[in-house]
Amino acid sequence: MVRVGLAMLQGARHEHAEALRAASKQLDIEIEVVELRSAGEVDGHLDCLVLPGGESTAMRKASRSESLLDALFAWMEEHPKRPVLGTCAGAILLASPGEVRAPFLRAGISRNAWGRQRESFEAEVDITLEIPAGSHIPSQIAKRDKFNHQPLPVGDGLSLEYNSTFPGVFIRAPRFDQSSIKCTPVASLGDETVGVLDGQRLALTFHPELTGDYRFHRWLLHQANLARRGM
Ligand code: GLN
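Residues numbered from 1 in each chain as written. Predicted model: local features only at pLDDT ≥ 70, side-chain atom pairs only at ≥ 80, totals over all residues. Heavy atoms only, no water.

## Some details on the packing of aromatic side chains
Rules: Side-chain rings of Phe, Tyr and Trp (the six-membered ring for Trp) are treated as a pair once their centres are within 6.5 Å; stacked means planes under 30 degrees apart, edge-to-face means over 60, and tilted covers the remaining angles. Helix and strand assignments come from DSSP, with helices taken as H or I runs of at least 4 residues and strands as E runs of at least 2, each series counted from the N terminus. Whether a charge lies above a ring is judged from NZ of Lys or CZ of Arg, which has to be within 6 Å of the ring centre and within 35 degrees of the ring normal.
Inspection of the entire model under this criterion finds eight aromatic pairs. When the centroid spacing of 6.2 Å and the interplanar angle of 65° are considered together, the rings of Trp-114 and Phe-170 count as edge-to-face. With Trp-114 in the loop between β5 (109-110) and β6 (121-127) and Phe-170 in strand β9 (residues 164-170), the pair connects residues that are 56 residues apart, well separated along the chain. Ring pairing ties together the aromatic residues Trp-114, Phe-121, Phe-166, Phe-170, Phe-206 and Phe-216, which thus form one cluster. Positioned over the ring face of Trp-114 is Arg-175, at 3.6 Å from the centre of the ring.

This is the structure in structure tokens:
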């Protein structure tokens, strides 16, 4: 059983919970999604963490009374080998956790750097990340999705996919300061890096939980499962 901590600060939390459940079925990994609302709920039994998108300033405020964010950051410092997925505002929190903590990503980030809400957009992103294909994807999923993307062929659950495209949903998205990136780029939009991996911290400036594509959630569960088993 993989225990997934989901930060219920604000923003697109429930979509992540759904995506995690779908990914767990695809991988046949049993999970428990632990909804984290207060610092006391963040403990050493969590195997991985999701920091959803939303509004990072609202998240910092929402957290102040319960000091949830601080507990999440302390957990990440204590368990550097356990994977974390930060999407959009979650990526902002990883890159700039506040004055008293060292960043969790070797990449700078700028908020709202694509412009205002009406400049939100969808675009195909190129990804370079090893992701387990999953063995429990029903064959009818091979239809094109609502973004008109053809899902990848179904694998045997152990094979890893590498190099492909992903439907990127960018909502008032931040941008990585490109010259500051010192960790591994894993997603790009043209020449621009829009996703990075630093150790076990995966930060995306877009919203995979708003698509029907659960590859990044599969990555998280797969890594958490490996970390659990000490691999
Ligand atoms: N604009 C948000 C922020 O600055 C991030 C947007 C998002 O998470 N979709 O926190």
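## Describing the pattern of salt bridges
For clarity, the cut-off: When a carboxyl oxygen of Asp or Glu lies within 4 Å of a side-chain nitrogen of Lys or Arg, that pair is called a salt bridge.
Counted according to the given criterion, the structure contains 12 salt bridges. Measuring nitrogen to oxygen at the nearest pair gives 3.1 Å for the salt bridge that ties Glu-55 to Arg-172. Taken together, the residues span a long stretch of sequence, with Glu-55 in the loop between β3 (48-51) and α2 (56-64) and Arg-172 in the loop between β9 and β10 (175-176) at a distance of 117 residues. Where Asp-198 meets Arg-106, a salt bridge forms, and the shortest distance between an N and an O atom there is 2.7 Å.

## Focus: the sheet that holds strand β1 (residues 2-7)
We count it as follows: Two strands are said to pair when DSSP picks up at least two bridges between them. For helices, the axis comes from a line fit to the C-alpha atoms of the stretch in contact; other axes are also lines fit to C-alpha atoms, and the angle between any two N-to-C directions lies between 0 and 180 degrees. When checking whether two residues touch, look at their non-hydrogen atoms; a contact exists if any pair is within 4.5 Å.
Spatial strand order, β2-β1-β3-β4-β13-β12-β11-β6-β9: nine strands in an open sheet with mixed pairing. Single-partner strands in this sheet number two, and they are β2 (31-36) and β9. Adjacent strand axes in the sheet meet at a mean angle of 25°, parallel and antiparallel pairs treated alike. Contacts from helix α3 (residues 68-78) reach β1, β2, β3, β4 (84-87) and β13 (201-204), with the element oriented near 140° to β3. Helix α5 (residues 215-228) rests against β1, β2, β3, β4, β6, β9, β12 (192-198) and β13 of the sheet, and its axis sits at about 130° to β1.

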